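Single-letter residue listing:
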Amino acid sequence: MEDLEAREAAYLGSLTAAEAEGDERAVEAALRPKTLAEVVGQHRVREQLGLVLEAARGRGRVPDHVLLSGPPGLGKTTLAMIIAHEMTAPLRLTSGPAITHAGDLAAILSGMNDGDVLFVDEIHRMSRPAEEMLYMAMEDFRVDVVIGKGPGATAIPLEIPPFTLVGATTRAGLLPGPLRDRFGFTARLEFYDAADLDLIVHRSAGLLGVELTEDGAAEIASRSRGTPRIANRLLRRVRDYAQVKADGVVTHDVARRGLELYEVDELGLDRLDRAVIECLCRHFGGGPVGISTLAVAVGEERETVEEVAEPFLVRLGFLARTPRGRVATAAAWRHLGLDAPPQPADVPGEPTLFEE
Ligand SMILES: Nc1ncnc2c1ncn2[C@@H]1O[C@H](COP(=O)(O)OP(=O)(O)OP(=O)(O)O)[C@@H](O)[C@H]1O
Ligand SMILES: [Mg+2]
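It should be emphasised that the depicted structure is a prediction, and the values quoted were computed from it without experimental measurement. (Residues numbered from 1 in each chain as written. Chains lettered and ligands numbered in written order. Predicted model: local features only at pLDDT ≥ 70, side-chain atom pairs only at ≥ 80, totals over all residues.)

Q: Sorry, what's going on with the environment of Glu-21 here?
A: As for its placement among the helices and strands, Glu-21 is situated in the loop between α1 (2-11) and α2 (24-31). The exposed category is assigned to Glu-21, around which 11 C-beta atoms lie within 10 Å. Separated by 165 residues in the primary sequence, Glu-21 and Thr-186 have C-alpha atoms spaced 27 Å apart. (Helix = DSSP H or I, 4+ residues; strand = E, 2+ residues; numbered from the N terminus. Buried ≥ 20, exposed ≤ 12 C-beta atoms within 10 Å, placed from the backbone.)

Q: I would appreciate a short explanation of the UniProt feature "domain: AAA+ ATPase" (unreviewed entry) in the protein in the present structure.
A: As recorded in UniProt, the sites labelled "domain: AAA+ ATPase" (unreviewed entry) are residues 62-193. Summarising residues 62-193: 29% helix, 27% strand, and an end-to-end C-alpha distance of 33 Å. (UniProt positions renumbered as here; feature names shortened; annotations may be inferred.)

Q: Could you clarify how one ought to interpret the UniProt feature "binding site: ATP" (unreviewed entry) in the protein in this entry?
A: Within this structure's numbering, the places UniProt gives as "binding site: ATP" (unreviewed entry) are Leu-31, Arg-32, Gly-73, Lys-76, Thr-77, Thr-78, Glu-139, Asp-140, Phe-141, Arg-182, Tyr-192 and Arg-229. For this annotated set, covering 199 residues, the C-alpha atoms extend up to 37.0 Å from each other, a dispersed arrangement in space. By the secondary structure assignment, Thr-78 is in helix α4 (residues 76-86). Setting aside its immediate chain neighbours within four residues, Thr-78 contacts Arg-32 and Pro-33. Along the chain, the position of Asp-140 falls in helix α6 (residues 128-140). Classification of Asp-140 by C-beta neighbours within 10 Å gives exposed; the count is 11. (Contact = placed C-beta atoms within 7 Å.)

Q: Before we go on, may I ask you to explain the sheet that holds strand β6 (residues 164-169) in this structure?
A: Backbone-to-backbone hydrogen bonds pair the strands of a sheet. The strands run either parallel or antiparallel. Overall, parallel pairing links the 5 strands, which are arranged β2-β3-β6-β1-β7 in an open sheet. Among the strands making up the open sheet, the edge pair consists of β2 (91-95) and β7 (185-188). For this sheet, the mean angle separating the axes of adjacent strands, direction not counted, is 15 degrees. Sheet analysis places strand β1 (residues 66-69) next to β7, joined by 4 bridges and oriented parallel. Pairing of Leu-68 across the sheet is with Ala-187, part of β7. (Pairing = 2+ DSSP bridges. Axes fitted to C-alpha atoms, helices over the stretch in contact; angles between N-to-C directions.)

Q: Help me understand the site of ligand 1 in this model?
A: Residues in close proximity to ligand 1 total 22 residues, the closest being Glu-28, Gly-75, Lys-76, Thr-77 and Thr-78. Contributing elements (two or more residues each) for the shell around ligand 1: α2, α4 and α10 (228-245). Classifying every residue of the shell around ligand 1 gives 9 nonpolar, 8 polar and 5 charged. (Near = placed C-beta within 6 Å. Nonpolar A, V, L, I, M, F, W, Y, C, P; charged D, E, K, R; others polar.)

Q: Just checking my understanding: could you explain the environment of Asp-144 for this structure?
A: With respect to the helices and strands, Asp-144 occurs in strand β4 (residues 142-147). For Asp-144 and Val-308, which are 164 residues apart along the polypeptide, the C-alpha to C-alpha distance reads 41 Å. Look past the residues within four positions of Asp-144 in its chain and what remains in contact with it is Ala-155, Ile-156 and Pro-157.

Q: Could you clarify how one ought to interpret the packing of helix α5 (residues 102-110) against α6 in this entry?
A: When two helices pack together, their arrangement is given by the angle between the helix axes and the distance between those axes. Between α5 and α6, the least distance of the axes is 7 Å, while the angle of their chain directions is 35 degrees. Contact with α5, carried on its side by Ala-102, Asp-104, Leu-105, Ala-106 and Leu-109, involves Pro-129, Ala-130, Met-133, Leu-134 and Ala-137 of α6 and no other residues of that element. The residue inventory of the contact of α5 with α6, partitioned by class, reads 9 nonpolar, no polar and 1 charged.

Q: In this structure, what is going on with the pairing of strand β3 (residues 117-121)? I would like to understand it.
A: Side-chain direction in a regular strand flips from residue to residue, so the side chains alternate between the two faces of the sheet. The buried count for β3 comes to 5 of 5 residues, which makes it a mostly enclosed element. Of the two faces of β3, the one holding Val-117, Phe-119 and Asp-121 and the one holding Leu-118 and Val-120 are both buried throughout. Taken together, the 5 bridges between β2 and β3 define a ladder with parallel strand orientation. Looking at the pairing, Leu-91 lines up with Val-117 of β3.

Q: I keep staring at the pairing of strand β8 (residues 319-322) and nothing clicks. Help me out?
A: Relative to strand β9 (residues 325-328), β8 runs antiparallel, the two being bridged by 4 bridges. Paired with Leu-319 across the bridge in β9 is Ala-328. Between the antiparallel neighbours β8 and β9 lie 2 residues.

Next up, the structure:
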């Protein structure tokens, strides 16, 4: 896992990676909506969450614990901050990997005040003993802190003032059932449609002071893979291009030329995504081919292909995972401007999809 993340981080450089890195976090903070009303899209989640918060305010109680799940870059951290803001409560931030011992969690919990919002990012990566302590804290607002080891160990009960836990995860499936069940509300964030991404690009351009035309915004939105983080990143790169190569205004043509320079195509595929489907179609006749072979052929780690490129290709319907290997669909052949073989290798109809 650690290893995989290190590799993903090393791979970044890609404009279309959904994860944020380094300096990007500071820019993101400036672009984050601060209130629920400013959030673009995610209408259902917004309405449901709004209700949870308003009802809690009306009762003068802390809101139920909230779990935010969904792929990277869709707004989980943003919503966690908004929850605290809307409740005018202090936000305490931590993350699963930072909680390696139950004691780490006990230390955080013992410092909490009434009404605090505790945000645990990547909650699926918390250690098991900490997880168990968290169940108890969520339900009973108390935990047992064990002092000492062996027969002499004693458990000291610790009362915790009512608080709201906001957990975020990209892998809801990895959360143990008992933990998942203790959240009163789960928000599953969905990819954004073009209209919402368009609004996000306009909003960010306003905040960054970038001048942009309607069709310039639409061009960026349509290449953003349904992900606000990517939309904001493409906007910043196109802004650079507009500033250096044009008169600073992001028009349709400037956006198109800028994104071409950065190798992001009309559908938002980047160099690696295209390499994967090109290799699959040109060298392996469309597959099926094993993921390891495919990774070697494109000169990348298997995990990078599997975790970085493949999800989007599958989502686009360009690639299918079958028990015998990866297969390119007719849509992938078309996207490359190639004729699909008359006898499509395997799939199309109903491919047997693997779950992770
Ligand atoms: N609904 C939205 N409206 C406007 N901007 C948004 C929205 N959601 C996300 N963004 C923008 O996208 C950026 C990334 O969002 P955020 O950091 O909340 O994603 P995340 O789901 O926490 O990702 P990760 O899984 O990597 O932690 C934010 O800086 C924000 O500017
Ligand atoms: Mg986040």
